[in-house]
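Topology and contacts: notes
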Amino acid sequence: MNYPDIECPELGTLRYEEEYECYKGQLKAQQSELSIQLLTDEDGAVASALKRATDFVKELDKHAQSARDYAVEGLLAIKNEIWIDDEDEEPLTPEQFKERMVLDSISIDSDGAVSFYHNDGDLFWGHCILVTMDSENNFTIAEIAG
């Protein structure tokens, strides 16, 4: 199947990646470049993910901040109780935790779910912090991945 590039004013150029069965592109957001992936549905269509993405990026900063807040709720205690490097390391405050998180990419599924992938700033020894939001903009999980 031929998947032409998608040119979108809100998202830029998106190119299909056969290996991952999704469209990928780069956004300028959060004072840096951010990778975006739009997953196709079972028929190979991207229309629903594209619609969600164009609406979503209009409020990306707000959603990204909320994702960091949700990560703090779910992961700060784990960091401070289990992932302390040594006895000299002080527990982190919520602000310190969020400052070390850097949003690297977002992935939008055909059902409207959004995954936020963060560089962990070595909070969890280089693992990814993954925060997932459903199609109704409710956060469902914050976890250590990779």
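The structure contained in this document is the topic of the report that follows. (Residues numbered from 1 in each chain as written. Predicted model: local features only at pLDDT ≥ 70, side-chain atom pairs only at ≥ 80, totals over all residues. Heavy atoms only, no water.)

Broken down by element type, the protein carries three helices and eight strands. Moving toward the C terminus, one meets the helices and strands of the protein in the order β-β-β-β-α-α-α-β-β-β-β. Burial analysis of the protein (146 residues in total) assigns 42% to the buried set. Taking all contacts inside the protein whose residues are at least 6 apart in sequence as the whole, residues at least 24 apart take part in 43%. Accessible surface for the protein amounts to roughly 8200 Å². Of this, 46% is attributable to carbon and sulfur atoms. Looking at the protein, you have 11 positive and 33 negative side-chain charges, and the mean spots of the two groups are 7 Å apart. (Helix = DSSP H or I, 4+ residues; strand = E, 2+ residues; numbered from the N terminus. Buried < 20%, exposed > 50% of the residue type's maximum accessible area, 1.4 Å probe, protein only. Contact = heavy atoms within 4.5 Å. Areas by Shrake-Rupley, 256 points an atom, 1.4 Å probe, with all protein chains shown as cover. Lys, Arg positive; Asp, Glu negative; His and termini not counted. Charge placed at Lys NZ, Arg CZ, Asp CG, Glu CD.)

The subject of this paragraph is helix H1 (residues 47–56). Structurally, the α-helix is built with 3.6 residues per turn, so residues lying three or four positions apart point the same way. The set of residues buried in H1 consists of Ala49, Arg52, Ala53, Thr54 and Phe56. In the core, the buried residues of H1 are packed alongside strand E1 (6–8), strand E4 (32–39), helix H2 (60–81), strand E5 (102–108), strand E6 (114–119) and strand E7 (128–133).

Further remarks concern the packing of aromatic side chains. Taken as a whole and assessed by the stated rule, the structure comprises nine aromatic pairs. An angle of 45° between the planes, with centres 6.0 Å apart, marks the rings of Phe116 and Phe139 as tilted. Linking Phe116 in strand E6 with Phe139 in strand E8 (residues 139–145), this pair joins segments that are 23 residues apart in sequence. Ring-pair connections join several aromatic residues into one group, and the members of that group are Phe56, Tyr70, Phe116 and Phe139. The positively charged end of Lys24 is found above the aromatic ring belonging to Tyr20, 4.1 Å away from the centroid. (Phe/Tyr/Trp six-rings, centres within 6.5 Å; stacked < 30°, edge-to-face > 60°. Lys NZ or Arg CZ within 6 Å of the ring centre and 35° of its normal.)

A separate point is the pairing of E5. For E5, the buried fraction is high: five of the seven residues fall into the buried class. Pairing between E4 and E5: four bridges, direction parallel. Across the sheet, residue Leu38 finds its bridge partner in E5, namely Ile108. Pairing analysis gives six bridges linking E5 to E6, with the strands arranged antiparallel. When the bridges of E6 are listed, Ser107 appears paired with Ser115. Counting the residues that bridge the hairpin from E5 to E6 gives five residues, and of these Gly112 lies at a positive phi of roughly 95°. (Pairing = 2+ DSSP bridges.)

Negative phi is the rule for most residues except glycine; trans is the rule for most peptide bonds. Phi angles above zero are rare outside glycine, and Asp122 is one such case at about 65°. For Asp122, the location among the structural elements is in the loop between E6 and E7.

Take the sheet that holds strand E3 (residues 22–29) next. Here eight strands make up an open sheet; going across it, the order is E1-E2-E3-E4-E5-E6-E7-E8 and the pairing mixed. With partners counted over all chains shown, the strands left at the sheet margins are E1 and E8, one partner each. Between one strand and the next, the sheet's axes are offset by a mean angle of 25°, whatever the strand orientation. Relative to E8, E7 runs antiparallel, the two sharing six bridges. (Axes fitted to C-alpha atoms, helices over the stretch in contact; angles between N-to-C directions.)

In this section: H2. For H2, built from 22 residues, the straight-helix expectation of 32 Å at 1.5 Å per residue is met to within 8% by its first-to-last C-alpha distance of 31 Å. Along its length, H2 reaches its greatest deviation from straightness, about 50°, at Leu75. When we look at burial in H2, the residues that qualify are Leu60, His63, Ala64, Ala67, Arg68, Ala71, Val72, Leu75, Leu76, Lys79 and Asn80. (Expected span 1.5 Å × (residues − 1). Bend = angle between axes of the 7 residues up to and from the residue.)

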